[in-house]
Amino acid sequence: MEDDLKCLLRLWMQWDKNEKTLQTIAALEQSSNLEELRDRLGSRMEFGTAGLRAPMGAGFSRINDLTIIQTTQGFARYLEQQCPDLRQKGVVIGFDARADPTSGGNSLRFAKIAAVVFLGQGIPVYLFSKITPTPFVPYTILHHNLSAGIMITASHNPKQDNGYKAYWGNGAQIIPPHDGGIARSIEQNLEPWAEAWNEGLAETSPLCKDIYDEIYRDYFRDLQKLCFYREVNTKTSLRFVHTSVHGVGHVFVQSAFATFGLELPDAVPEQCDPDPEFPTVIYPNPEEGKGVLTLSMRLAEKTNARVILANDPDADRLAIAERQETGGWRVFTGNETGALLGWWNFECWRKSAGVAAAALLPDVYMLASTVSSKILSAIASQEGFKFEETLTGFKWMGNRAHELMDEGKTVLFAFEEAIGFMCGTTVLDKDGVSAAAMAAEMAIYLAAQNITLTQQLQNIYDKYGHHASQTSYFICRDPATITRLFNRLRSFDGTAASYPQRCGGFNILHVRDLTTGYDSSKPDGKAILPSSSSQMITFTFSNGCVATMRTSGTEPKIKYYTEICAAPGHNDPIGLSKQLTQVVDDIIKEFFEPEKNGLIWRSSV
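As a starting point, this report considers the structure included with it. (Residues numbered from 1 in each chain as written. Predicted model: local features only at pLDDT ≥ 70, side-chain atom pairs only at ≥ 80, totals over all residues. Heavy atoms only, no water.)

All chains considered together, the criterion is met by two cavities of 30 Å³ or more. By volume, the largest cavity is sized at about 60 Å³. If you trace the largest cavity, you find it lined by Tyr219, Leu223, Leu226, Met422, Cys423, Gly424, Thr426, Val427, Asp431 and Ser434. When contributions to the lining of the largest cavity are tallied by element, the ones reaching two or more residues are α10 (212-223) and β17 (420-423). Looking at the lining of the largest cavity, its residues break down into six nonpolar, three polar and one charged. Taken as a whole, the second largest cavity spans an internal volume of roughly 40 Å³. Lining the second largest cavity are Asp96, Ala97, Arg98, His246, Gly247, Val248, Asp275, Pro276, Phe278 and Pro313. Each residue belonging to the lining of the second largest cavity can be placed in one class, and the counts come to five nonpolar, two polar and three charged. (1 Å grid on protein atoms, 1.4 Å probe; cavity = no way out; pocket = protein on both sides within 12 Å on 5 of 7 lines; lining within 4 Å. Points joined across faces, edges and corners; volume = space filled by probe spheres on them. Helix = DSSP H or I, 4+ residues; strand = E, 2+ residues; numbered from the N terminus. Nonpolar A, V, L, I, M, F, W, Y, C, P; charged D, E, K, R; others polar.)

Looking now at the pairing of strand β24 (residues 557-565). Among the nine residues that make up β24, eight are buried, leaving the element largely enclosed by the rest of the structure. Sheet analysis places strand β18 (residues 467-475) next to β24, joined by nine bridges and oriented antiparallel. Pairing of Phe474 across the sheet is with Ile558, part of β24. Pairing analysis gives six bridges linking strand β23 (residues 546-551) to β24, with the strands arranged antiparallel. Looking at β24, one finds that Arg550 is bridged to Lys559. If you look at the hairpin formed by β23 and β24, you'll find five residues sitting between the two strands. (Buried < 20%, exposed > 50% of the residue type's maximum accessible area, 1.4 Å probe, protein only. Pairing = 2+ DSSP bridges.)

So far we have only geometry, and geometry alone does not tell us how the molecule works.
Written out as C-alpha cells, the structure is:
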C-alpha cells in the first residue's frame, strides 16, 4: 500500500465514529482491496456552487457522517469570517427523505450532524423536525433574515446519492467567490472538532429550534399572494392528478391547492409517500417524461383528470402533462411550461397592477438561464417589461433577482428548461410547490374559456413567435473523454481557438465559449456573461438556430440545448421543427461523435 493511501486510511480510522462506515473501510483494508480503498479515500468530493452531491457510503469521496462534519466545519468557519452577526442570526437546515441502509446514512441524520457542528460553536440553528421541500430553506432564510441555510438532498438523482445544498444570507444558492472560499475552509478544518460527534446537542441545546410548524403556516399564508382567481377555482370541474414520485411533495402540494381554494388533486397512491428506494421508477426525475408518469396517466384515465402535475423528490421542480383530444398525453417540456407560466405570471401581474401597469413596466423583470428558451425575451419585447438571461442554474437567477430587488425592481418570474420555475420572490430559487398551484389556477382559468394548455401554448406562439426547441443529453462517465470532446471543438482545424465554422449543411455565425470567456459576436471577443466552471459552448447558426453543449455540474452528462425561433406572424412550426431536427442530427454526428467517444444517449439509458 502506498504511503499516501496509508495516511488517508489512518486519518479515516482516527476520525470516523460511525460503526458501519468505519467497519466498511476496515474490511477493505483487511481484504487488501486497494482499488476500492483508493476510490473511497483517494479523492475528496469537490465543493462547488451546487454544494456536494455523491453516493452515500464510507470514504472521503462519499456522503457520510464524517464528510458532512468536515463540510459543515468549513462552512461554519467561512460564515464566521463573512458574517459578523452569525451568532445573532443563525442558520436553517432542512432535509428530504433519502436513506442508505448499508451505510446507515440518511438525510435526517446528516441534517442533525450538520446542526451539531454549528451548535457546538454557539451558532443558533433552525432545524426542521420533518421532511420539507427544498424551497422551504431559502424561504426561511429571507423570512427570518438568517445568515445561511443548508438543504440535505440529492434532488432527482439516483437513490444511492445524497447532497448538501448551501444557501447564502440573501436566500439564494451560493455563487463565486463564496464556493471557493468555503472549499478552502473545508480543507483547513478536516479534523472533527471536540463537539462534532456529540449527537445529543441537536436534542438538548437551547440554540436549536424546530421551525417546521411556523414555516409551514407562513409559507402558505404568503402563497395566497399568487392566487388571483379564487372564485373561479372553487367552481371548476377540471380535475388534476399529482405525483411526488416517492418524494416529499405530496403534503405540501395538497396544502397549496387548499390555499388556492382548489379541490385537492388525486394523488398517485403508489408514489405519494416518501420512499428512498423509488420503487416504481428507474429515475425519480419527472423531466424524463412519460416513463416517470405512467402511473399518473393510468390514474388520470380512471378519474377523468385532464392535467397531471409532477414534482421531483425534493419538490423544487414541476412537470406538467395534459390529455389531448385524441386520448393521448402531451408532456410539456420545461421551455413550454416556462412559456405558459411566464405568460400567466405577466397576465396576473397586469390584472393586479390595473391602470398603473404601464407606468410600472420599466421596472418589471423576468429571468431565464442562457440555455433556456428565449420566449420570455419575445414576450418582453412586445409587452414592455425587461428580460435578462443568466448562466445556467437557479443560483445565478436567484442572486440576480436579489440584486434587482435591492434596486427597487419587481421580478415576476424566472425559469430554466430543466423544469425549474420561480413564481414571485418569496423564494429565490425554483419552487415546485408554488408552481404547481399557479399552474393549476392557470389551467382552470383557461378551461373556463374552453381553452386547453396546449391551445394556449399555441396562442402564445402565434402572438410572440413560434419557438421550437430540442433538449437532451448523453451519459459520459470519463472526464478525459469530456475534456477531449470540448477541446476538439476549440481547435477544430488543428490550431488553437479555431472553432467550427460549419456543421452539416449550416453555417455557424457566432461562437460563445463561457468556459474560456470567448464570444466571437463581441468586438473585443469577450463574453458578457461570467465564465462557467463547467464546459459550455454555444453556436449560433445562419438559420437562426442556437445550440449549446455543456456538462452537468451534478451528473455524468453532456447536455445539448437547441432552439430556433420565428418572428411573430411568420409561424411554420412543422418547417421550423424539421430545420431544428436537421441541425441537432448534424451536431450529434459531427460534434458529439457518440460512437467514437463511447457516449450513451438518453433514450438508451
